[in-house]
Amino acid sequence: MSKLDAIDRSILRVLQQDGRISNADLAAKVGLSPSACSRRVDILEKSGTIAGYHARIAHKALDYKIMVIVHISLSGQFAKTLAEFEAAVKLCPNVLVCYLMSGEYDYILRVAARDLEDYERIHRDWLSALPHVVKINSSFSLREIIDRPNVGI
């Protein structure tokens, strides 16, 4: 972030709010010519500062009504153990987010399920089958307060 100048930050702020904005409109908002703006966006993309563009789809629209926070403990924290778990958890389509943690649990997952029966299936067929898992603790979200996709710039 320290290598970004004020114009880069302005571009990022606008794109966070509207990732589908045209280059001409983006250029006008940040005070650049369209060609200069396009070059800067290209640099931000190639450097990995802009990690991608996507549509944010409401989980409930796809009938995923339950969000579960899952705490996972493994049998150890050897590099091979972590790598095997991480490779396997990436294959579970219902796992939306996975974090390697410090503290009591090794990983925290955010899992989407259609209902309790669906989560039971995910728990049985996916989570319990993940390598090196010795403990699974599931907490069910009552309601979402905030799901901020953007960071402050």
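Thresholds applied
- Residues numbered from 1 in each chain as written.
- Predicted model: local features only at pLDDT ≥ 70, side-chain atom pairs only at ≥ 80, totals over all residues.
- Heavy atoms only, no water.
- Helix = DSSP H or I, 4+ residues; strand = E, 2+ residues; numbered from the N terminus.
- Contact = heavy atoms within 4.5 Å.
- Areas by Shrake-Rupley, 256 points an atom, 1.4 Å probe, with all protein chains shown as cover.
- Lys, Arg positive; Asp, Glu negative; His and termini not counted.
- Charge placed at Lys NZ, Arg CZ, Asp CG, Glu CD.
- UniProt positions renumbered as here; feature names shortened; annotations may be inferred.
- 1 Å grid on protein atoms, 1.4 Å probe; cavity = no way out; pocket = protein on both sides within 12 Å on 5 of 7 lines; lining within 4 Å.
- Points joined across faces, edges and corners; volume = space filled by probe spheres on them.
- Nonpolar A, V, L, I, M, F, W, Y, C, P; charged D, E, K, R; others polar.
- Domains from an automatic or database assignment.
- Salt bridge = Lys/Arg side-chain N within 4 Å of Asp/Glu carboxyl O.
- Buried < 20%, exposed > 50% of the residue type's maximum accessible area, 1.4 Å probe, protein only.
- Pairing = 2+ DSSP bridges.
- Axes fitted to C-alpha atoms, helices over the stretch in contact; angles between N-to-C directions.
- Core = buried A, V, L, I, M, F, W, Y, C linked by side-chain atoms within 4.5 Å.
- Polar contact = N/O pair within 3.5 Å; in protein donor to acceptor, adjacent residues only side chain to side chain.

In the annotation of an unreviewed UniProt entry, the protein chain is listed under the name AsnC family transcriptional regulator and assigned to Sinorhizobium glycinis.

J.: Residues and numbers for the overall build of the protein chain, please.
T.: Within the protein chain, the regular secondary structure consists of 5 helices and 4 strands. Each helix and strand of the protein chain, ordered N terminal to C terminal, gives the series α-α-α-β-α-β-β-α-β. Projecting the C-alpha coordinates of the protein chain onto the three principal axes gives extents of approximately 55 × 35 × 25 Å. Summarising the internal contacts of the protein chain: among those between residues at least 6 apart in sequence, 62% fall at separations of at least 24. Total accessible area on the protein chain is roughly 10200 Å²; 54% of this is exposed by carbon and sulfur atoms. Averaging the positions of the 20 positive and the 18 negative side-chain charges in the protein chain gives two centres separated by 5 Å.

J.: Hey, could you go over the UniProt feature "domain: HTH asnC-type" (unreviewed entry) in the protein chain for me, with residue numbers and the actual values?
T.: Following the UniProt record, the feature "domain: HTH asnC-type" (unreviewed entry) maps to residues 4-65 here. Helix makes up 53% of residues 4-65 and strand makes up 0%, while its end C-alpha atoms are separated by 39 Å.

J.: Got a sec to walk through the layout of surface pockets? Specific residues and values, please.
T.: Space inside the largest pocket adds up to approximately 1400 Å³. Lining the largest pocket are 41 residues, and of these His54, Arg56, Asp147, Arg148 and Pro149 lie nearest its centre. When residues of the lining of the largest pocket are traced back to their parent elements, those giving at least two are α1 (6-17), β1 (66-74) and β2 (95-100). Among the elements that line the lining of the largest pocket, the one with the most residues is α1, at 4 residues. Its residues assigned to classes, the lining of the largest pocket shows 22 nonpolar, 9 polar and 10 charged. Both domains that furnish three or more residues to the lining of the largest pocket are identified here as domain 1 (6-47) and domain 2 (59-141).

J.: Which residues make up the pattern of salt bridges, and what values do they have?
T.: Overall, the coordinates contain 8 salt bridges when judged by the stated rule. In this structure, Arg40 and Asp5 form a salt bridge, with 2.9 Å as the shortest nitrogen-oxygen distance. With Arg40 in helix α3 (residues 34-46) and Asp5 in the segment before α1, this pair connects stretches of sequence that are 35 residues apart. The exposure class of Arg40 is partly exposed, given its relative accessible area of 23%. By sharing partners, the salt bridges in this structure join Asp5, Asp8 and Arg40 into a single network.

J.: Any details on the sheet that holds β1? Residues and values, ideally.
T.: Strands sit in the order β2-β3-β1-β4 across an open sheet of 4 strands; the sheet is antiparallel. Each edge of the sheet is formed by a strand with only one pairing partner; in this case those strands are β2 and β4 (133-140). Going from strand to strand, the sheet's axes swing by 20 degrees on average, the running direction of each strand aside. Across the face of the sheet, helix α4 (residues 79-89) comes into contact with β1, β2, β3 (107-113) and β4 while running at roughly 165 degrees to β2.

J.: Tell me about the nonpolar core, and please be specific about residues and values.
T.: If you look at the biggest cluster of nonpolar residues, it comprises 18 residues, and the most contacted ones within it are Val70, Leu109, Val111 and Leu127. Among the secondary structure elements, those contributing two or more residues to this core are β1, α4, β3 and α5 (116-127). Considering every element that reaches this core, the biggest residue donor is β1, with 5 residues. Apart from the residues lying within four places of it in its own chain, the contact partners of Leu109 are Val68, Ile69, Val70, Ile72, Val89, Val95, Val97, Cys98 and Leu127. Within the second largest apolar cluster, 15 residues are counted, among which are Leu26, Val30, Leu32 and Ile50.

J.: Can you tell me about the side chain of Asp106, naming the residues and giving the values?
T.: Considering the arrangement of structural elements, one finds Asp106 in the loop between β2 and β3. Buried within the structure, Asp106 lacks any salt-bridge partner; Lys135 is the closest side chain of opposite charge, at an N-O distance of 10 Å. In this structure the side chain of Asp106 is engaged in a polar contact, spanning 2.4 Å, whose partner is the side chain of Gln77. Once residues within four sequence positions are removed from consideration, Asp106 is found in contact with Ile72, Ser73, Leu74, Gln77, Tyr99, Leu100 and Met101.

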